[in-house]
Amino acid sequence: MSPRIGDAVLDIGCGAGQSVLQLADRVGPVGRVTGVDIAPTLLAVAHRRAVGRSHVDFIECDAQTLALPDRSIDCVFSRFGVMAFRDPVAAFSNFRRMMRPSGRLAFVCWRSLDENELDLLPLQAAGLEGRLDPTPFSFADSGDIQTTLQAAGFQQITTQAHDEMVSSGDLDAMIVVLLSVGPLGKIIRENPTLRAAAERRVRAALAARGTQAAVTLNAATWVVTARP
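Let me begin by describing the structure that accompanies this report. (Residues numbered from 1 in each chain as written. Predicted model: local features only at pLDDT ≥ 70, side-chain atom pairs only at ≥ 80, totals over all residues. Heavy atoms only, no water.)

## Some points on the packing of aromatic side chains
- Within the structure shown, the criterion is met by seven aromatic pairs.
- Each member of the aromatic cluster is reached from another via a ring pair, and the members are Phe85, Phe92, Phe95, Phe107 and Phe139.
- Lying across the ring of Trp222, Arg111 places its NZ or CZ 5.6 Å from the centre. (Phe/Tyr/Trp six-rings, centres within 6.5 Å; stacked < 30°, edge-to-face > 60°. Lys NZ or Arg CZ within 6 Å of the ring centre and 35° of its normal.)

## Regarding the nonpolar core
- Residues Phe92, Phe107, Leu149 and Leu206 are the most contacted members of the largest nonpolar core, which totals 52 residues.
- Top element by residues in this core is strand E7 (residues 215-227). It accounts for six residues.
- Once residues lying within four places of it in the same chain are set aside, the contact partners of Leu206 are Leu121, Leu171, Met174, Ile175, Leu178, Val215 and Leu217.
- Val9, Leu21, Val27 and Phe58 belong to the second largest nonpolar core, which has 14 residues in total. (Core = buried A, V, L, I, M, F, W, Y, C linked by side-chain atoms within 4.5 Å. Buried < 20%, exposed > 50% of the residue type's maximum accessible area, 1.4 Å probe, protein only. Helix = DSSP H or I, 4+ residues; strand = E, 2+ residues; numbered from the N terminus. Contact = heavy atoms within 4.5 Å.)

## Some details on the packing of helix H6 (residues 171-178) against helix H8 (residues 195-207)
- Put simply, H6 and H8 touch, their axes get as near as 10 Å, and they point 135° apart. Between H6 and H8, the interaxial angle falls into the category oblique. In terms of crossing hand, the pair formed by H6 and H8 is right-handed. The residues of H8 that touch H6, namely those facing Leu171, Asp172, Met174, Ile175 and Leu178, are Glu199, Val202, Arg203, Leu206 and Ala207. (Axes fitted to C-alpha atoms, helices over the stretch in contact; angles between N-to-C directions. Parallel < 35°, antiparallel > 145°, perpendicular 65-115°, else oblique. Left-handed = near helix turned anticlockwise from the far one by under 90°.)

## Notes on helix H1 (residues 18-27)
- For H1, the complete set of buried residues consists of Ser19, Val20, Leu21, Leu23, Ala24 and Val27.
- Among the structural elements, strand E1 (8-12), strand E2 (32-37), helix H2 (40-49), strand E3 (56-60) and strand E4 (73-79) are those in contact with the buried residues of H1.
- Positive backbone phi, approximately 75°, marks Gly28, located one or two places after H1.

## Describing unusual backbone geometry
- Positive phi, close to 65°, is recorded for Phe80, a residue that is not glycine.
- Locating Phe80 in the fold gives a position in the loop between E4 and helix H3 (88-98).
- With a phi angle near 50°, Gln156 is a residue other than glycine that sits in the positive phi range.
- Along the chain, the position of Gln156 falls in strand E6 (residues 155-169).

As structure tokens, then:
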């Protein structure tokens, strides 16, 4: 399913463009990578990162209604960008419409919160599980993924569980990340008055693990592939 030299690739939910640039390296200057996202602030960063890359472009829109031509894309890729569609079947049907018959779909999404120590531990430590936005875990059930992609017309669907111990560095670095991104980060951004108490509690929970020099937490994902 890896992109090949010369492929036209669509990156769904590309954010600040890191994955777009990685894909651009894979397809080479004779290929093309289009990043799509709804966040103009992130796309502004992506544009700056991609200066000088003539085979990279970005579109600000809801990918569910993206209007690229039929059969113009070889690969549709997403790293945590497919969980928030209002109508997942319509979104994936639209992606399939844009894909060539030989195309490939590949995306990564989160498994359940209970399997994701990376998100669960800080939420529980902060006592803020009740404020969780469940959207990132909308594809936690692999059966839902299978049903959605089949309804959108995809075939040869594979869903593989992947676990990875991830780290941002030492205790201080990990605290900064956990309070900025992910489920807890979203809660803190929307409720900044909760930050001080949350930071104190999460710091204590991580310190209790006895690995302050390099804090690692498990991230549980699905790696999904399919053919149109």
